[in-house]
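Close look at the chain arrangement
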Amino acid sequence: MTEFDKELCDLLRARFPYIHITTYEEDRIINEINRIVTTPELIHTVRNVHIWKSSEGFRNQDGMIEENTYEKISAINFIRDYNQPGLFILLDFHTFCEKCNGGVDYNIIRSFKDLMPNLKQSIEPKNVIFISSNNEIPDDLKKDVTIMDFDLPTADEIEEVLNNMIESNAGTNLKVNLNEKEKESLVKAAVGLTLQEAENAYARAMVNDGCLNGGDVDLVLKEKSQVIKKNDLLEYIDSTVNIDDVGGLENLKKWLKIRDKSWLDSAKKYGLPSPKGVLLTGVPGCGKSLIAKAISSMWHLPLLRFDVSKVFNMYVGNSEANMREAIKTAEAISPCILWIDEIEKGFSGLGNGGDSGTSSRIFGTFLSWMQEKTKPVFVVATANNISGLPSEMMRKGRFDEIFFIDLPTFNERKQIFEVHLKSRLKHPDVIGDFEINEETLNHLSSLTEGFGGAEIEQLVIMGLFDAYAEERSIKMSDFENAIKNTIPLSVTQAEQITSIRKWADIRAVAATTQDDMKNYKTNTSIDISQDEPSDDDSSGDKPSPSDIYDSRGGRALDF
């Protein structure tokens, strides 16, 4: 017996008059109720089930329509006069109490109040269950109605749907090539969908190429994105970024690889919980957001971007409700990745007292959920200004680890250049005599000490623009000129970077491997001088990129 079954049985046997169940799955909940009320071992007194629809009135369990029950008042009178054990299901309750021209029909509400003693005191047990897609209950009935949540299908129920579809298509041209682990991944990918949505997703995967295999997980996830598109608080990100598109950061990559598929049942053999998440901090433009997108592709999980600013609402209580709704949606389609970009800005109003404590309450709700959550929602939070985050967020139990992403080392810059050059230089007319080889990568990397990953990408784009403007193939000098004309953040924000590194030195793990950190410096420093500075130009006081590299942040651990 499930927890829902037990709770519903207790409410029915205790003669609770009105029960409200919120769900979109009418057929599934009706089948579940029918099973419960026709099983004496569960309910003791078996009840006759009648279902009311606005289109036809009451229909009994034999499929016959009860006469004169189309009108709402007539339906209520039918319940009152029924003298056998009965369960009465009213569909679309949120419209049942409305007038035709809008507003609440108080005659209906009064009739429900008058019916309540009859339900409690009748010789034969009778209960009324309201089923609706939302839990809008008229204020005058809120104290009389008990609300129940009907969870989305479990993995076992979805697996049954998948098995039934495979069996029903046996003997056709459908090819099934699934091992147990791939099948489990396919089932987990559909968790969070209704049974109908899961069936649609699997049907789409089957007809796509006539074969059902482990690669169809991505197609199921696309169907899952429909759940997010109907929610204003979360945004579904269709990530095409591969983990190999991220240069360097081998420590972080290894950590992520170890935890891949840890939300599957196979991980339970080792007593492992689902990973909670990571907090990525570091120098702006060094790949924090890119990593969030790469995790989604690496783990084959949907990526949801959560903009905390969308939670806040001018009306009292709505902001807190929005936060709960965002969390509920993320859990509904779990396993998934919840990405919160620049999290320090989302909770920047904490403690200022200007919003009557709304920010603090929302933050408290979020922290409690991160600490206590049991659903596999992996939180990836990025932060540039780590000092703006409350200390409560960074204690163990909220995030599995805090990673510091520093300016790329020499080897990491080579990887970043290689990724961007190979992804853009594909046409032979553009490539010309230019070769992407070890010598080219070493030369460019030696010239860009102190440049971040985003800056290196822009250097490649700038060089290509110069070649495009003159309608010729690319030359090394194009990239050299772009480097010469760019002053990196390591120079313009030297003080901020130093501050971030001091914080991370004892509080975070370096995303870069220890070997790379030992060899981060090159013998060539970047020359950013272009013109002789004037007497009042203070740029000469700025530290060079080499100075910035004297103290890298983050504990140099190797996983």
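Figured I'd write up the structure that's included with this text. (Residues numbered from 1 in each chain as written. Predicted model: local features only at pLDDT ≥ 70, side-chain atom pairs only at ≥ 80, totals over all residues. Heavy atoms only, no water.)

Description of the overall build of the protein
Each helix and strand in the protein was counted, giving 24 helices and 15 strands. In the protein, which comprises 559 residues, the proportion classed as buried is 48%. The long-range share in the protein, meaning contacts at least 24 apart out of those at least 6 apart in sequence, stands at 80%. Carbon together with sulfur atoms contributes 46% to the accessible area of the protein, which is approximately 27700 Å² in total. (Helix = DSSP H or I, 4+ residues; strand = E, 2+ residues; numbered from the N terminus. Buried < 20%, exposed > 50% of the residue type's maximum accessible area, 1.4 Å probe, protein only. Contact = heavy atoms within 4.5 Å. Areas by Shrake-Rupley, 256 points an atom, 1.4 Å probe, with all protein chains shown as cover.)

Observations concerning helix α15 (residues 358–372)
Given a rise of 1.5 Å per residue, 15 residues ought to cover 21 Å, and the 21 Å separating the end C-alpha atoms of α15 matches this to within 8%. The complete set of buried residues in α15 reads Thr358, Ser359, Ile362, Phe363, Phe366, Leu367, Trp369 and Met370. The arc that holds every buried residue of α15, seen down its axis, measures 165 degrees, which confines them to one face. (Expected span 1.5 Å × (residues − 1). Arc of directions from axis to C-beta.)

Points about the packing of aromatic side chains
Applying the stated criterion to the full structure yields 15 aromatic pairs. Ring geometry for Phe58 versus Phe78: centroids 5.3 Å apart, planes at 35 degrees, classification tilted. A residue pair is termed long-range when its members are at least 10 positions apart, and Phe58 in strand β3 (residues 57–59) and Phe78 in helix α4 (residues 72–81) qualify at 20 residues. Phe78 gets classed as buried once you look at its relative accessible area, which sits at 17%. With 5.6 Å between their ring centres and 75 degrees between their planes, Trp255 and Phe403 make a pair best called edge-to-face. In this pair, Trp255 is assigned in helix α11 (residues 250–258) and Phe403 in strand β14 (residues 401–405), connecting sequence segments 148 residues apart. Taken individually, Trp255 and Phe403 each receive the classification buried, so the pair is uniform in this respect. Site record: aromatic cluster; members linked through ring pairs are Trp255, Trp263, Trp299, Phe378 and Phe403. Cation over ring: Lys373 sits above Trp369, and NZ or CZ is 5.6 Å from the ring centre. (Phe/Tyr/Trp six-rings, centres within 6.5 Å; stacked < 30°, edge-to-face > 60°. Lys NZ or Arg CZ within 6 Å of the ring centre and 35° of its normal.)

Considering the layout of surface pockets
In this structure, the second largest pocket encloses a volume near 550 Å³. In terms of lining residues, the second largest pocket is bounded by 29 residues, among which Cys286, Gly287, Leu290, Gly453 and Ala454 are the most central. Counting residues per element, the ones that place at least two in the lining of the second largest pocket are α12 (288–299), β13 (377–383), α16 (410–424) and α19 (453–469). Sorting elements by how many residues they give to the lining of the second largest pocket places α16 first, with five residues. For the lining of the second largest pocket, the class distribution of residues is 13 nonpolar, nine polar and seven charged. (1 Å grid on protein atoms, 1.4 Å probe; cavity = no way out; pocket = protein on both sides within 12 Å on 5 of 7 lines; lining within 4 Å. Points joined across faces, edges and corners; volume = space filled by probe spheres on them. Nonpolar A, V, L, I, M, F, W, Y, C, P; charged D, E, K, R; others polar.)

Re the packing of α11 against α12
Following both chains from N to C, one finds α11 and α12 inclined at 35 degrees, their axes separated by 11 Å at the closest point. By crossing handedness, the relation of α11 to α12 is classed as right-handed. Residue-level inspection shows Leu252, Lys253, Leu256 and Lys257 of α11 in contact with α12, the latter providing Ile291, Ile295, Met298 and Trp299. Tallied by class, the residues present in the contact of α11 with α12 amount to six nonpolar, no polar and two charged. (Axes fitted to C-alpha atoms, helices over the stretch in contact; angles between N-to-C directions. Left-handed = near helix turned anticlockwise from the far one by under 90°.)

Focus: the nonpolar core
Counting 61 residues, the largest nonpolar core has Tyr202 and Ile343 as its most contacted members. Per-element accounting of this core gives the leading share, six residues, to α15. Setting aside its immediate chain neighbours within four residues, Ile343 contacts Leu279, Phe366, Ala381, Thr382, Ala383, Leu389 and Met393. (Core = buried A, V, L, I, M, F, W, Y, C linked by side-chain atoms within 4.5 Å.)

Concerning the packing of α19 against helix α20 (residues 476–484)
It is at 8 Å that the axes of α19 and α20 come closest, and there the two elements cross at 125 degrees. Taken together, the axes of α19 and α20 are oblique relative to one another. Viewed along their axes, α19 and α20 form a crossing whose handedness is right-handed. Residues Leu459, Val460, Met462, Gly463, Leu464, Asp466 and Ala467 of α19 lie in contact with α20, whose contacting residues are Asp478, Phe479, Ala482 and Ile483. Among the residues forming the contact of α19 with α20, the class breakdown is eight nonpolar, one polar and two charged. (Parallel < 35°, antiparallel > 145°, perpendicular 65-115°, else oblique.)

A short note on empty space enclosed by the protein
A complete count under the given rule lists one cavity of 30 Å³ or more for this structure. Each pocket or cavity is described by its volume, and for the largest cavity that value is around 40 Å³. In terms of lining, the largest cavity is formed by Trp263, Ser274, Pro275, Trp299, Leu301, Cys336, Pro376, Val377 and Phe378. Tallied by class, residues from the lining of the largest cavity come to eight nonpolar, one polar and no charged.

Digging into the sheet that holds β3
Across the sheet, six strands lie side by side as β3-β2-β4-β5-β1-β6; this open sheet has mixed pairing. The outermost strands of the open sheet, each flanked by one partner alone, are β3 and β6 (145–149). On average, adjacent strands in this sheet sit at an angle of 25 degrees to one another, irrespective of strand direction. Note: strand β1 (residues 18–22) against strand β5 (residues 126–132), five bridges, orientation parallel. The partner of Thr22 across the bridge, within β5, is Ser132. Running at roughly 165 degrees to β6, helix α1 (residues 3–13) makes contact with β1, β4 (86–91), β5 and β6 of the sheet. (Pairing = 2+ DSSP bridges.)

Let's talk about the side chain of Ser262
Following the sequence through the fold, Ser262 ends up in the loop between α11 and β10 (277–282). Relative accessible area serves as the criterion here: at 11%, Ser262 is assigned to the buried category. If we ignore the near neighbours within four places in the chain, the residues touching Ser262 are Ala267, Pro273, Ser274 and Pro275.

Digging into the pattern of salt bridges
Per the counting criterion, the structure on display carries 19 salt bridges. Linking Lys6 and Asp10 is a salt bridge whose minimum nitrogen-to-oxygen distance equals 3.1 Å. Taken together, the residues Lys6 and Asp10, both in helix α1 and four residues apart, mark about one turn of the helix. A relative accessible area of 46% places Lys6 in the partly exposed class. A salt bridge links Asp478 to Arg472; its shortest N-O distance comes to 2.7 Å. For Arg472, a relative accessible area of 23% gives the class partly exposed. Within the structure, one salt-bridge network assembled from shared partners comprises Asp5, Glu32 and Arg35. (Salt bridge = Lys/Arg side-chain N within 4 Å of Asp/Glu carboxyl O.)

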